[in-house]
Amino acid sequence: MSSPVLGIMTLYLNEHRALEERSIYRRMILEGRKRGLDIYVFTPADVHPGGKQIEAMVFRSGKGWSREWRSFPDIIFDRCRIQRNRRFQQLLAFRQRYGHLLFLNRPLRNKWTIHQTLSAKSAFREHLPDTVLYQDMSDVNRMLKTYPLIYLKPINGTGGRGILRIERNDNEANTVLVQGRDQKRRIITPRKVHLSRLGSLLQNWNMKDKYLVQQGIQLQLPNGRVHDYRMLVQKNGEGQWELTGCAGRMGAEKSVTSNLHGGGQAIAMHKLMKQWITDDKQRAEIHATAEKFGIDVATFLENTYGDLCELALDLAIDKSGHIYLLEVNPKPAREVFARIGEKDIYSKAITQPLNYALWVYRNHANAIRPPRGVKVTKPVKRVKGKSATLKRTRGSQ
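Residues numbered from 1 in each chain as written. Predicted model: local features only at pLDDT ≥ 70, side-chain atom pairs only at ≥ 80, totals over all residues. Heavy atoms only, no water.

Under an unreviewed UniProt entry, the name given to the chain is Glutathione synthase/RimK-type ligase-like ATP-grasp enzyme, and the organism recorded is Paenibacillus pabuli.

Pasting the structure below:
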């Protein structure tokens, strides 16, 4: 019996076919082989024009990476992140043409839509910073009157790109301190700006319908650096959501974000939180609350948008211990756990999607295999990422 095939779908970073996370994919392939799962990597650009084969990237111990023409996989693990180029357009075309195939996960919407979706559930609202979609400067001015600190975030941004932090200056009336990162993640030199000139400064950021204005949470440690927490929740080999791990992140000096790709530092959650919340019992309660919250959010978003297999939640915890959800990432990286030396959690972060893929494959196979005495009259196509179902009629007993 042949092994089930999992195709990890990603996007090239440039025209030279450079790939992000190649080392992660290599490990997934080797771990999959131990589990009887055949894995290859591909991008939408690798699909043959005829639409029946893929020029896949395969890895074999002792031989390294090579390319082979392969049939379409049994399951697709979508690891594609947003890009602003033709490669992303190829991805959109692929999803439209092959949306009937079996996917482990489906795309989430942008940050604004996710915020609105979560806001619809009363249990989540207290964990969501006040957020509005930028229309004009009146939104920024109104939020600054309400909160001493706000953030401006691209609705489709990743890695801290294009984020601005604006804080009222209590020592100088009508003056704010503006910091942030440009679209290439470069740190912008902090500058004081009079409110009357803030609008002209923001004109260069092309924010109309593309940015959020969000309540800022004070997260500066005694050393002046910002911090937050990256929580990873994943489906296990029984199809259930569970917490894989949670790690702290401390931003680089003068950075307004904690992203590791922007120079941030990974720190074990308990060590980082101890600098912020000194009471042992309170820290334990926060951790338990955060875990339940993460699983509840993942379950709710999956019920809303369709199949998911993993999510990363970026959490902020204020001085009182209140938890805020800053962002949801459907294509999470895992290196934060490797950087803090939590090897078991890092390994689990890599293998959980494989265990879940096998569970999905077995259940999908059972769903399309009629039991004895049942005659299949007509197959029904998969809809919105759900498992295939069949119309059945009873045969003779």
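From this point, the narrative continues.
S.K.: Can you tell me about the overall build of the chain, naming the residues and giving the values?
M.R.: Looking only at helices and strands, the chain has 10 helices and 18 strands in total. In summary, the chain has a C-alpha radius of gyration of 23 Å against a globular reference of 21 Å for 397 residues, a match within 12%. Once the C-alpha set of the chain is aligned to its principal axes, its extents read approximately 85 × 50 × 45 Å. Across the chain, the fraction of contacts at a sequence separation of at least 24, relative to all contacts at a separation of at least 6, is 61%. Just so you have it, the chain exposes about 19600 Å², and 48% of that area is on carbon and sulfur atoms. Averaging the positions of the 67 positive and the 37 negative side-chain charges in the chain gives two centres separated by 7 Å. (Helix = DSSP H or I, 4+ residues; strand = E, 2+ residues; numbered from the N terminus. Rg over C-alpha atoms; globule rule 2.2 N^0.38 Å. Contact = heavy atoms within 4.5 Å. Areas by Shrake-Rupley, 256 points an atom, 1.4 Å probe, with all protein chains shown as cover. Lys, Arg positive; Asp, Glu negative; His and termini not counted. Charge placed at Lys NZ, Arg CZ, Asp CG, Glu CD.)

S.K.: How would you summarise the packing of aromatic side chains if you had to cite specific residues and measurements?
M.R.: Under the definition given, this model contains 9 aromatic pairs. Taking 4.8 Å as the distance between ring centres and 40 degrees as the angle between the ring planes, the aromatic pair formed by Phe72 and Tyr98 counts as tilted. In this pair, Phe72 is assigned in the loop between β4 (64-71) and β5 (75-78) and Tyr98 in the loop between α2 (86-97) and α3 (111-119), connecting sequence segments 26 residues apart. Tyr98 gets classed as buried once you look at its relative accessible area, which sits at 8%. One aromatic cluster in this structure is built from Tyr40, Phe42, Phe72, Phe94 and Tyr98. Across the ring face of Phe124, the terminal group of Lys121 is positioned such that the distance to the ring centre comes to 5.8 Å. (Phe/Tyr/Trp six-rings, centres within 6.5 Å; stacked < 30°, edge-to-face > 60°. Buried < 20%, exposed > 50% of the residue type's maximum accessible area, 1.4 Å probe, protein only. Lys NZ or Arg CZ within 6 Å of the ring centre and 35° of its normal.)

S.K.: Describe the packing of α3 against helix α8 (residues 280-305), and please don't skip the residues or the numbers.
M.R.: Close contact between α3 and α8 brings their axes to 11 Å; oriented N to C, the two are set at 105 degrees. It follows from the interaxial angle that α3 and α8 lie roughly perpendicular. On α8, the residues that touch Thr113, Ile114, Thr117 and Leu118 of α3 are Val297, Phe300, Leu301, Thr304 and Tyr305. (Axes fitted to C-alpha atoms, helices over the stretch in contact; angles between N-to-C directions. Parallel < 35°, antiparallel > 145°, perpendicular 65-115°, else oblique.)

S.K.: Give me the sheet that holds strand β7 (residues 149-154): which residues, what numbers.
M.R.: Pairing is antiparallel across the open sheet formed by 6 strands, whose spatial order is β6-β11-β7-β8-β9-β10. Bordering the open sheet on either side are β6 (131-133) and β10 (187-194), each of which pairs with just one other strand. When strand polarity is set aside, the average angle formed by the axes of neighbouring strands in this sheet is 20 degrees. Here strand β8 (residues 164-168) pairs with strand β9 (residues 175-181) via 5 bridges, running antiparallel. (Pairing = 2+ DSSP bridges.)

S.K.: Can you explain the pattern of salt bridges? Please cite residues and give values.
M.R.: Evaluated as defined, the whole model comprises 28 salt bridges. With its nearest N and O atoms 3.8 Å apart, the salt bridge here joins Asp46 to Arg17. One end of the pair, Asp46, is in the loop between β2 (38-42) and β3 (53-60); the other, Arg17, is in the loop between β1 (5-9) and α1 (22-34), and 29 residues separate them in sequence. Among the residues examined, Asp46 registers a relative accessible area of 2% and is labelled buried. Here Asp228 and Arg249 are joined by a salt bridge, their closest N and O atoms 3.1 Å apart. (Salt bridge = Lys/Arg side-chain N within 4 Å of Asp/Glu carboxyl O.)

S.K.: Mind laying out the environment of Arg22, listing which residues take part and the relevant values?
M.R.: Residue position: Arg22 is located in helix α1. In the structure, Arg22 is positioned 99 residues away from Lys121 in sequence and 38 Å away in space, judged by C-alpha atoms. Ignoring anything within four residues of it in the chain, the contact list for Arg22 reads Arg17 and Trp65.

S.K.: Break down the side chain of Asp228 for me, with residues and values.
M.R.: Of note, Asp228 is situated in strand β12 (residues 227-235). We classify Asp228 as buried; its relative accessible area is 8%. Of note is the side chain of Asp228, whose polar atom sits 2.6 Å from the side chain of Ser258. (Polar contact = N/O pair within 3.5 Å; in protein donor to acceptor, adjacent residues only side chain to side chain.)

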